[in-house]
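Take a look at the letters that make up each chain.
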Amino acid sequence: MKALLLLLALTTHAAAQPVKVSFCDGMTRISRDGAAPTAATNTLCAARGEWESLQIIVTATPEQLKTIQVIATGIAKDDSPALLPAPKVLREHYVRVTKSTPMAPLPPGDYPDALVPLDMPAQELSGTEVVNQPYWVDVFVPYTAAPGAYTGEVRFEFADGMKAIASYTLNVWDFDLPVVPKLRTSIMTTVRHVAQVHGLEYHDNAPSLAHAGLLNAYYDLLAEHRLSVDQIYGSYPDPGTGKLDEDKVERALRKHLLHRHCNSIGLPIWPQWPFKDPLGEDRAAAMSYVAQWMKLLAKIHCESRGYVIMGDLDEPNDAAAYATVRRWGEFFNEVEKKHGVRVPLHVTEQPTAEKAVWGSLAGAVDIWVPHFSEVWKDMEWAGGKHDIALRRQAGEEVWAYAALVQMPVAWEEQHGRPKQLTSSFPPVWALDYPPMAHRIVGWLFPKHGITGFDYWDTIFAAEGVDVWQDAGTFKTPDGATYNGDGSYIYPATEKRQGRNAPVASMRLKWLRETVEDYDYLMLARQLGLEDEARRLTASFARGFGDWDDNSGVLLKARQQLGALIESAQQRKQTAAVPAGGAK
């Protein structure tokens, strides 16, 4: 995934306080006041079509950092005029964890997370002692890039005349990541919520031009991170009649699936929208609408990417809720039979009902989405029923999701009821948990045939929480705080940052990395390297309840896997050339 050798050259002019420039990989969080990294070199690799990241840390006084200028150059191929685009350089912004997430292994304090464009105001720093200011460097390797070594620079210039140059070498693997990611995703980011966090007017009417542009910016940002938003506004029907403007919807679907290369898209339908009684009086009209929308996907050869996601059906927790899911399953099954279209119903629930009296959802659900902890309970715990494997054998899909901290009782008992989760726990996606808890899942999914994941929001914050300062985004009635839960994108506003825009977090980058990890594993499988990939994975990830918090081992395995894929791809290409050469 990476091959960047960072060579630091520091040119110092007369100044009261010298600056230090150092670097680290994208899986390390740098404290504001702690010791900066000391490593002088690092080896990283990237395939064509891949994003790769590193961090450059400038250690200087707050005064020196106030007017720092950062300039990234294009990335030049050694001994060639070829030039790759300059990387994106983003300033890391710190947020405070005041109260720990339940069972969090990391302490309260300030954590770098928001990755702010350089033209937005910097976080205010005070004092005279030196501090660390990390910069996130995002390198993209175009599909047109030739394999081999490239060199680029990021330059820093300070108001007191000091300058620093961080030089790096990018080695490009001789293979491509798939244009459309293999790991399916459904990341909720709603039209209404985008308007709310940016202070825009929206009353279930058509969005303003500014609102529509901002929605597209959110969709683009997620797609850039190889993630798919759950639904797009442009594919909505007329809210009053339920009728589709086919030309408008087709354009929106083309943009999302063929231009952004997203691999999933949800059909816009809810229990009382755009039809008041879709399971009763409006049944025929609702069925026609569903079929018409799905046929538009087939028209652009993307029918396999469509599904139905309806928040009202998710996490059913009693017999009545299970019965509702079954009624909707029957509805979509009937659409499929009558109209000859595929309409997979996606529900966040495990195949094994919590209580047998609720009945089964088999036959109603096409895409099961259990919580990470439920995957462990069903597939890895000695008392598990392996219903996930049974549903996959029946031809259904299984995705998974993260939310809050939900450790199974059986897991806690096996591990002595720990107060902190320090190792081998079903991954928790909170800010004060290790980065590996995000990154590990792409390596775990193939073990159980899981082919996608969900997340419930990207811009959530409890009432009164300022996400730019306070990491405590989700709070429960019992007083618990879940840091970063529901918040992966920071909403920049005109009032605060000078413009409305979505700003990525480090945790969003880690999700991109795990999606790319999964792509590597699927490439290895296609090339007959599944045994080798499984062996490398086992060096740090053996199950949802058995993995190591060791990013160094993961990065080493990733590099070894890349080398295996490159060699296998080259052998395949050589074997395809006829004896005597191409004619």
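Reading the values: rules and limits
- Residues numbered from 1 in each chain as written.
- Predicted model: local features only at pLDDT ≥ 70, side-chain atom pairs only at ≥ 80, totals over all residues.
- Heavy atoms only, no water.
- Buried < 20%, exposed > 50% of the residue type's maximum accessible area, 1.4 Å probe, protein only.
- Helix = DSSP H or I, 4+ residues; strand = E, 2+ residues; numbered from the N terminus.
- Pairing = 2+ DSSP bridges.
- Axes fitted to C-alpha atoms, helices over the stretch in contact; angles between N-to-C directions.
- Parallel < 35°, antiparallel > 145°, perpendicular 65-115°, else oblique.
- Contact = heavy atoms within 4.5 Å.
- Core = buried A, V, L, I, M, F, W, Y, C linked by side-chain atoms within 4.5 Å.
- Salt bridge = Lys/Arg side-chain N within 4 Å of Asp/Glu carboxyl O.
- Polar contact = N/O pair within 3.5 Å; in protein donor to acceptor, adjacent residues only side chain to side chain.

**Q** What am I meant to see in the pairing of strand β10 (residues 131-140) here?
**A** Counting buried positions along β10 yields 9 of 10 residues, so the element is predominantly enclosed. Pairing of strand β8 (residues 88-97) with β10, which is carried by 4 bridges, proceeds in the antiparallel orientation. Paired with arginine 91 across the two strands is tyrosine 135, which belongs to β10.

**Q** So what exactly am I meant to see when it comes to the sheet that holds strand β13 (residues 184-187) here?
**A** Pairing between the strands of a sheet comes from backbone hydrogen bonds, and it takes one of two forms, parallel or antiparallel. The strand order β13-β20-β19 describes an open sheet built from 3 strands, whose pairing is parallel. Strands with a single pairing partner mark the edges of an open sheet, and in this sheet they are β13 and β19 (400-401).

**Q** Would you mind showing me how to read the pairing of strand β2 (residues 20-25) here?
**A** The side chains of a regular strand alternate between the sheet's two faces. With 5 of its 6 residues buried, β2 lies for the most part within the structure. Where β2 and strand β4 (residues 51-60) come together, 6 bridges link them in antiparallel fashion. Considered in β4, the bridge of serine 22 is made with isoleucine 57.

**Q** Help me understand the packing of helix α14 (residues 530-538) against helix α15 (residues 551-576) in this model?
**A** In a pair of packed helices, the angle between the axes and the distance between the axes together describe the arrangement. Axis separation between α14 and α15 bottoms out at 10 Å; the angle between their running directions is 170°. The orientation of α14 relative to α15 falls into the category roughly antiparallel. Taken together, the residues of α15 that come into contact with α14 (itself represented by Glu532, Ala533 and Leu536) are Ala557, Gln560, Leu561 and Leu564.

**Q** Would you mind showing me how to read the environment of valine 137 here?
**A** Mapped onto the fold, valine 137 is located in strand β10. Exposure remark for valine 137: the relative accessible area of 1% places this residue in the buried category. With 116 residues separating them in the primary sequence, valine 137 and valine 21 have C-alpha atoms 14 Å apart. Once residues lying within four places of it in the same chain are set aside, the contact partners of valine 137 are Glu52, Ser53, Leu54, Ile56, Pro87, Lys88 and Val89.

**Q** Is there a simple way to explain the nonpolar core in this structure?
**A** With 127 residues, the main nonpolar core has Trp293, Phe332 and Phe445 as its most contacted residues. Sort the elements by how many residues they give to this core and helix α13 (residues 506-526) lands first, with 11 residues. When sequence neighbours within four positions are dropped, the list of residues in contact with phenylalanine 332 reads Leu267, Ile269, Val290, Val308, Met310, Val343 and Leu345. The next biggest cluster of nonpolar side chains, apart from the first, holds 30 residues, and it includes Val21, Ala46, Tyr150 and Leu170.

**Q** I would appreciate a short explanation of the pattern of salt bridges in the present structure.
**A** Oppositely charged side chains can form a pair if their charged atoms are brought close together. Applying the stated rule across the entire model yields 31 salt bridges. In this structure, the salt-bridge partner of lysine 66 is glutamate 63, at a minimum N-O distance of 3.5 Å. Of this pair, lysine 66 and glutamate 63 both sit in helix α1 (residues 62-66), separated by 3 residues, roughly a single helical turn. We note that lysine 66, like glutamate 63, is exposed. Salt bridges sharing partners connect three or more residues here, namely Glu50, Asp138, Arg439, Lys509, Arg512, Glu513, Asp517 and Arg558.

**Q** Help me understand the sheet that holds strand β14 (residues 265-267), please; the structure alone is not making it clear to me.
**A** Ordered by their spatial adjacency, 5 strands build an open sheet running β14-β15-β16-β17-β18, and the pairing between neighbours is parallel. Either end of the sheet is taken by a strand with one partner, and the two such strands are β14 and β18 (397-398). One ladder, built from 2 bridges, connects strand β17 (residues 367-368) with β18; its direction is parallel. For tryptophan 368, the partnering residue across the bridge sits in β18 and is valine 398. Set on the sheet, helix α5 (residues 283-299) makes contact with β14 and β15 (306-309); between it and β14 the angle comes to about 160°. Lying on the sheet, helix α6 (residues 319-339) is in contact with β14, β15 and β16 (345-347); it crosses β16 at an angle near 160°.

**Q** Explanation requested: the side chain of glutamine 64 in the structure shown.
**A** Mapped onto the elements, glutamine 64 comes out in helix α1. Take glutamine 64: its relative accessible area is 6%, and that puts it in the buried class. Among the polar contacts made by the side chain of glutamine 64, one reaches the main-chain amide nitrogen of threonine 61 at a distance of 3.0 Å.

**Q** Would you explain unusual backbone geometry in this entry?
**A** Among all residues except glycine, the phi angle is most often negative; among peptide bonds, the trans geometry is most common. A cis amide bond links tryptophan 273 to the next residue, proline 274, at an omega of 0°. Positioned with a positive phi, histidine 301 is a non-glycine residue whose angle comes to about 60°. Locating histidine 301 in the fold gives a position in the loop between α5 and β15. Here the phi dihedral of glutamate 315 falls at roughly 50°; this positive angle occurs in a residue that is not glycine. Turning to its location among the elements, glutamate 315 is positioned in the loop between β15 and α6.

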